[in-house]
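# An overview of the molecular structure
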Amino acid sequence: MKKLIQTTIVLLLCIANLHATEDDTSVEILFPEAEFLNHYTARIPFKVIDQLIVVEAEFLNQKGDFIIDTGSETLILNKNHFPKGQFLTKKRTKTTGVTRIIDQPYERKLSEFILSTFSLKDKKSDVIDLSHIEKSKKMHLLGIIGYNILKDYEIFIDLYLNQITLTKLDTHGNRLDTKVYAEELSDSLDFELKKHTIVISGTINDKKVRFALDTGAEFNQLNKNSHKKILKNFRPMRTLSLIGAGNRKIKVLAGKLYNFRMSKTQGVGPMYTVITNLRKMREAYGTSVDGVLGYEFLKYKRTIINYKKEKIYFIKSPIFKP
C-alpha cells in the first residue's frame, strides 16, 4: 500500500461583503491528516460519532469537527464558535432540518472556497447554533459540509477504510483523475437530483418507494403513512428519542426494515430504521420521499456519488480468506 503522504490540505474561505471591513477576510480550514494524491484528488480520513461521518479540521485557530452531510443544502458554520464582531445578515429563506425547520439562520457569502487547486466560486454558508448537537454528540463541532461544497466532486464514502475521497470533475461529470480507484466497481445506479437531494427509487415488497440518500442521517427513516404492504416489512424493536438540527426531541419507533431493493441486482438489508412522520421532508429535501437512507445504508455499501452524472457507483468490499 502506498505510503500516506502527510500533506495538509488547505481550504481558503475568502469572506466578502461583511460590511465591517474594507478588505476581504481570509479564513483557512486545515485538514492535517489528509492525503493529497495529485492536483485533482484528495483523501480525508474520518471518524464515526454516533453514526455521523465526521472529519477533523482546524478552523479559526480551533481544532474541531465537520459533519459530512449530503442532506444539507449549504455549508453550515456553528454560531457557537463563530468569530465575534462579524456582521451577519438574516436569511430570507428558511434552513431545514430532518425533524423540524431551524429558526433564524444567518448567512455569509463566500467569494471563494479552495481545496488545494480546486476552486469553488461564490458559495454561501448558513450560520446557526449547533451547540445542542455538539453537546449531545460530545464533539467540538465547527460546522457541516453540505451539497454546495460537495457537488463539484465525485465523492467516495468508504466506511470500510473510514475515509472520504474527493476527486475533481469536468463539466460533464467525468473524473479529471482517471486512476482514482484501485478497487473494482461492482455496480452502478441512476438517481434523481431534486434540488440538492439524491433520490433513489426502489421497491419494498414489490411496492415502489423513493428514498433520499442523506449521509447526515444517523438512522434510516420510513414514513409512518407508508402503504401497509411496505410497513409489513418493518419489524419494531424499541422506542428512541431523536434530536434534530432545530434542537427538538421526538420519540420514534425503531426496528429493522427488510426487503429493500434498488434494482434486480442491488438489494440491502435488513437495515435499522425508525418510523417517523416525513410530512416536512418535502420542505427539507425539496421533494416528497417515502424514507431516508443514512448511515445504515452506507455501512453496507462502499458508495461513490457523482452529482453531475446523477449516478451512484458501488465498490466491492475485500473478502478475506481464513
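Each value, and the rule that gives it
- Residues numbered from 1 in each chain as written.
- Predicted model: local features only at pLDDT ≥ 70, side-chain atom pairs only at ≥ 80, totals over all residues.
- Heavy atoms only, no water.
- Helix = DSSP H or I, 4+ residues; strand = E, 2+ residues; numbered from the N terminus.
- Buried < 20%, exposed > 50% of the residue type's maximum accessible area, 1.4 Å probe, protein only.
- Contact = heavy atoms within 4.5 Å.
- Areas by Shrake-Rupley, 256 points an atom, 1.4 Å probe, with all protein chains shown as cover.
- Core = buried A, V, L, I, M, F, W, Y, C linked by side-chain atoms within 4.5 Å.
- Salt bridge = Lys/Arg side-chain N within 4 Å of Asp/Glu carboxyl O.
- Pairing = 2+ DSSP bridges.
- Phe/Tyr/Trp six-rings, centres within 6.5 Å; stacked < 30°, edge-to-face > 60°.
- Lys NZ or Arg CZ within 6 Å of the ring centre and 35° of its normal.
- Polar contact = N/O pair within 3.5 Å; in protein donor to acceptor, adjacent residues only side chain to side chain.
- pLDDT = per-residue confidence, 0-100.

## Considering the overall build of the protein
Assigned secondary structure in the protein consists of five helices and 29 strands. Across the 322 residues in the protein, those meeting the buried criterion constitute 51%. Here the contacts in the protein between residues at least 6 apart in sequence split such that 63% fall between residues at least 24 apart. Only carbon and sulfur atoms are counted for the fraction: they give 48% of the accessible area of the protein, which is about 16,300 Å².

## A word on the nonpolar core
Residues Ile164, Ile200, Leu213 and Phe297 are the most contacted members of the largest nonpolar core, which totals 48 residues. Within the second largest apolar cluster, 11 residues are counted, among which are Leu52, Ile67, Ile76 and Leu141.

## Describing the environment of Lys228
Within the secondary structure layout, Lys228 lies in helix H3 (residues 228-231). Residues Lys228 and Lys207, spaced 21 residues apart in sequence, show a C-alpha to C-alpha distance of 10.0 Å.

## Some points on unusual backbone geometry
Most peptide bonds are trans, and most residues other than glycine sit at a negative phi. Positioned with a positive phi, Gln51 is a non-glycine residue whose angle comes to about 70 degrees. Here Lys138, not a glycine, exhibits a phi torsion of approximately 55 degrees, which is positive. One can find Lys138 in the loop between helix H1 (131-137) and strand E14 (141-145). Residue classification places Lys138 among the exposed positions, given a relative accessible area of 76%.

## Let's talk about the pattern of salt bridges
Following the criterion strictly, the structure yields 15 salt bridges and no others. For Lys311, the salt bridge identified is with Asp190, shortest N-O distance 2.7 Å. With Lys311 in strand E29 (residues 311-315) and Asp190 in strand E17 (residues 185-190), this pair connects stretches of sequence that are 121 residues apart. Notably, a salt bridge pairs Lys299 with Glu296, separated by 3.2 Å at the nearest N-O pair. On the basis of relative accessible area, Glu296 is assigned to the buried category, the value being 2%. Via salt bridges that share partners, Lys47, Glu56 and Asp65 belong to a single interconnected network.

## Focus: the sheet that holds strand E16 (residues 163-168)
Strand order in the open sheet formed by seven strands is E3-E4-E16-E15-E28-E29-E17, and the pairing between neighbours is antiparallel. What marks the edges here is a single partner per strand, and that holds for strand E3 (35-36) and E17. One ladder, built from four bridges, connects strand E15 (residues 153-158) with strand E28 (residues 302-306); its direction is antiparallel. Opposite Ile157, over in E28, you have Thr303 as the bridge partner.

## Some words on the packing of aromatic side chains
Following the criterion strictly, the structure yields four aromatic pairs and no others. For the ring pair Phe297 and Phe314, a centre distance of 6.4 Å and an interplane angle of 70 degrees mean the geometry is edge-to-face. Of this pair, Phe297 sits in helix H5 (residues 295-298) while Phe314 sits in strand E29, and the two are 17 residues apart along the sequence. A cation over an aromatic ring shows up here: Lys168 above the ring of Tyr153, its NZ or CZ 5.4 Å from the ring centre. The side chain of Arg235 reaches across the aromatic face of Tyr258, ending 5.4 Å from its centre.

## Observations regarding the environment of Glu58
Counting through the fold element by element, Glu58 comes out in strand E6 (residues 52-59). In the structure, Glu58 is positioned 27 residues away from Phe31 in sequence and 6.6 Å away in space, judged by C-alpha atoms.

## Let's talk about the side chain of Asn220
Within the secondary structure, Asn220 sits in strand E21 (residues 220-223). We classify Asn220 as buried; its relative accessible area is 1%. At 2.8 Å, the side chain of Asn220 forms a polar contact with the backbone nitrogen of Gly294. With residues up to four places along the chain from it excluded, the contact list for Asn220 reads Met271, Tyr272, Thr273, Val274, Val292, Leu293, Gly294, Glu296 and Phe297.

## Observations concerning the environment of Ile145
Within the secondary structure layout, Ile145 lies in strand E14. Put simply, Ile145 and Ser72 are 73 residues apart on the chain and 7.6 Å apart in space, counted from C-alpha to C-alpha.

## Remarks on the pairing of E16
Of all six residues in E16, six are buried, a share of seventy percent or more. Pairing of strand E4 (residues 41-45) with E16 involves five bridges; the strand directions are antiparallel. Within E16, the position partnered with Arg43 by the bridge is Thr165. Where E15 hands over to E16, the hairpin turn is made up of four residues, of which Asn162 adopts a positive phi near 55 degrees.

## As for the side chain of Lys137
Inspection of the secondary structure puts Lys137 in helix H1. Discounting chain neighbours no more than four positions away, the residues touching Lys137 are Ile49, Asp50, Leu52 and Glu218.

## A short note on the confidence of the model for the protein
Across the protein, pLDDT averages 77, with 73% of residues at or above 70. Here residues 1-26 is a poorly scored stretch, pLDDT under 50, and it has 67 contacts once near neighbours within four places are set aside; other chains count. Across residues 96-104, confidence stays below pLDDT 50; counting only partners more than four residues off in sequence or on other chains, it has 26 contacts.

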